[in-house]
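Per-entry structural report
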Amino acid sequence: MNNDAKLYKDAMRVLKLTSRTFYIPIKLLKPTLKETVGSSYLCMRAVDEIEDHEQLDPETKQHLLRSTAELLSTAFDKEAYHRLTKPYESLLPEVTLRLGDWIDFCPTGFVEKMKESTSVMAGGMADWVEKDWRIKTKADLDDYTYYVAGLVGVMLSDVWKWYDNIETDRELATGYGRGLQAVNILRNQGEDAERGVRFVPDNWNRDDLFAYASNNLKQGDRYIESINNKNVVLFSKIPLELAKKTLKAMQNGNEKMTRQEVESTVDEIINE
């Protein structure tokens, strides 16, 4: 197996390991898009795993995230990144340790834009680690969800523009990402509370968070309406519909959708 084929296989394997939501739609993309979106997702997931890590202390997270942001803003030095992560390699997952490989996997025409977006994400996440994720207002929640998910929507807009000159509204793209993240926050509220983290503004209750998620998912609908490429629409709709149905399941008192519901939702979208 040549290096390119091995990297492709590794990227798809790690994608499957790390993302329930995005693996299925990424697999359905045409080859160039699959590599572009797949590598971009893996790079963003690499920094997200640092921000979210339960065994790293806040100072270490900030150091790793800010240093990674700096490396991404220049000609990425794989050796320097290896030296940075080596002391923590027993703790960090494969997706994080192999950030340099995911950059190599990205098509050359998009790699600089992808590095830039991931660098911004890493810097924003470091700021939120420093603030101990203390969300007091809706503006705080908007800022936090921008860095951890809205930026994914913006980066995808950049991919569509680069790939097929598709123009999308960046605010709606941000809402698309925020909506997916808000559903995750709702799903994980119990777990987050156990580790002393609360991604909810002061004086908000669960109903307010449901409304926030729903409003952002509606922006996701409007974002998709502006896209006229079938392959891109298919990719974009799957996570959005799964998020909407997960939200509905939670409103009905269930923790999440069943595997059968997920599969039938994906089949419906593919066969539309």
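Preceding block: the structure.
**Comments concerning the pattern of salt bridges**
- A full pass over the atoms with the stated rule returns 25 salt bridges.
- Between Arg 178 and Asp 142 there is a salt bridge, with its nearest N and O atoms 3.8 Å apart. Residue Arg 178 is located in helix H10 (residues 170-187), and its partner Asp 142 is located in helix H9 (residues 138-164); the two are separated by 36 residues in the primary sequence.
- The exposure class assigned to Arg 178 is buried, which follows from its relative accessible area of 14%.
- Via salt bridges that share partners, Lys 6, Asp 10, Arg 13, Lys 78, Glu 94, Arg 98, Asp 101 and Asp 104 belong to a single interconnected network.

**Topic: the environment of Asn 254**
- If you trace the backbone, Asn 254 turns up in the loop between helix H13 (230-251) and helix H14 (259-270).
- Taking the C-alpha atoms as reference points, Asn 254 and Arg 187, 67 residues apart in sequence, are found 9.9 Å from one another.

**Here we look at the side chain of Thr 18**
- One can find Thr 18 in helix H1 (residues 3-18).
- Look at Thr 18 and you get buried, because its relative accessible area is 14%.
- Within the structure, Thr 18 has its side chain in polar contact with the backbone oxygen of Val 14 (distance 2.8 Å).
- Excluding residues within four positions of it along the chain, Thr 18 makes contact with Tyr 41, Leu 42, Arg 45 and Val 95.

**Observations concerning the packing of aromatic side chains**
- This model, assessed by the stated rule, comprises 11 aromatic pairs.
- Measuring from ring centre to ring centre gives 5.6 Å for Trp 160 and Phe 235, while their planes differ by 70 degrees; the resulting arrangement is edge-to-face. Residue Trp 160 is found in helix H9, and its partner Phe 235 is found in helix H13; the two are separated by 75 residues along the sequence. Phe 235 carries the same exposure label as Trp 160, and that label is buried.
- Each residue in the set Phe 22, Tyr 41, Trp 160 and Phe 235 is aromatic and connected to the rest through ring pairs, giving one cluster.
- For the cation-ring pair, Lys 131 lies above Trp 128, with the distance from its terminal atom to the ring centre recorded as 4.1 Å.

**Digging into the nonpolar core**
- Residues Leu 156, Trp 160 and Tyr 223 are the most contacted members of the largest nonpolar core, which totals 86 residues.
- Here the element with the most residues in this core is H9; it accounts for 11 residues.
- Once you skip the residues sitting within four places of it in the chain, Leu 156 turns out to touch Val 37, Tyr 176, Tyr 223 and Phe 235.
- Listed in part, the six residues of the second largest apolar core include Leu 234, Leu 242, Met 257 and Ile 269.

**Observations regarding the packing of helix H3 (residues 31-51) against helix H4 (residues 58-72)**
- Close contact between H3 and H4 brings their axes to 9 Å; oriented N to C, the two are set at 160 degrees. One element, H3, and the other, H4, form an angle in the roughly antiparallel class. The hand of the H3/H4 crossing is left-handed. Every residue of H4 that contacts H3 at Val 47, Ile 50 and Glu 51 is listed here: Lys 61, Leu 64, Leu 65 and Thr 68.
- Taken together, the residues of the contact of H3 with H4 break down into four nonpolar, one polar and two charged.

**A look at H14**
- End to end, H14 covers 17 Å across 12 residues, agreeing with the expected 16 Å (1.5 Å per residue, within 8%).
- Of the positions making up H14, those classed as buried are Thr 265, Val 266 and Ile 269. Taken around the axis of H14, the buried residues stretch over an arc of 95 degrees, which confines them to a single face.
- Residues of H14 that are buried sit in contact with helix H2 (20-27) and H13.

What counts and how
- Residues numbered from 1 in each chain as written.
- Predicted model: local features only at pLDDT ≥ 70, side-chain atom pairs only at ≥ 80, totals over all residues.
- Heavy atoms only, no water.
- Salt bridge = Lys/Arg side-chain N within 4 Å of Asp/Glu carboxyl O.
- Helix = DSSP H or I, 4+ residues; strand = E, 2+ residues; numbered from the N terminus.
- Buried < 20%, exposed > 50% of the residue type's maximum accessible area, 1.4 Å probe, protein only.
- Polar contact = N/O pair within 3.5 Å; in protein donor to acceptor, adjacent residues only side chain to side chain.
- Contact = heavy atoms within 4.5 Å.
- Phe/Tyr/Trp six-rings, centres within 6.5 Å; stacked < 30°, edge-to-face > 60°.
- Lys NZ or Arg CZ within 6 Å of the ring centre and 35° of its normal.
- Core = buried A, V, L, I, M, F, W, Y, C linked by side-chain atoms within 4.5 Å.
- Axes fitted to C-alpha atoms, helices over the stretch in contact; angles between N-to-C directions.
- Parallel < 35°, antiparallel > 145°, perpendicular 65-115°, else oblique.
- Left-handed = near helix turned anticlockwise from the far one by under 90°.
- Nonpolar A, V, L, I, M, F, W, Y, C, P; charged D, E, K, R; others polar.
- Expected span 1.5 Å × (residues − 1).
- Arc of directions from axis to C-beta.

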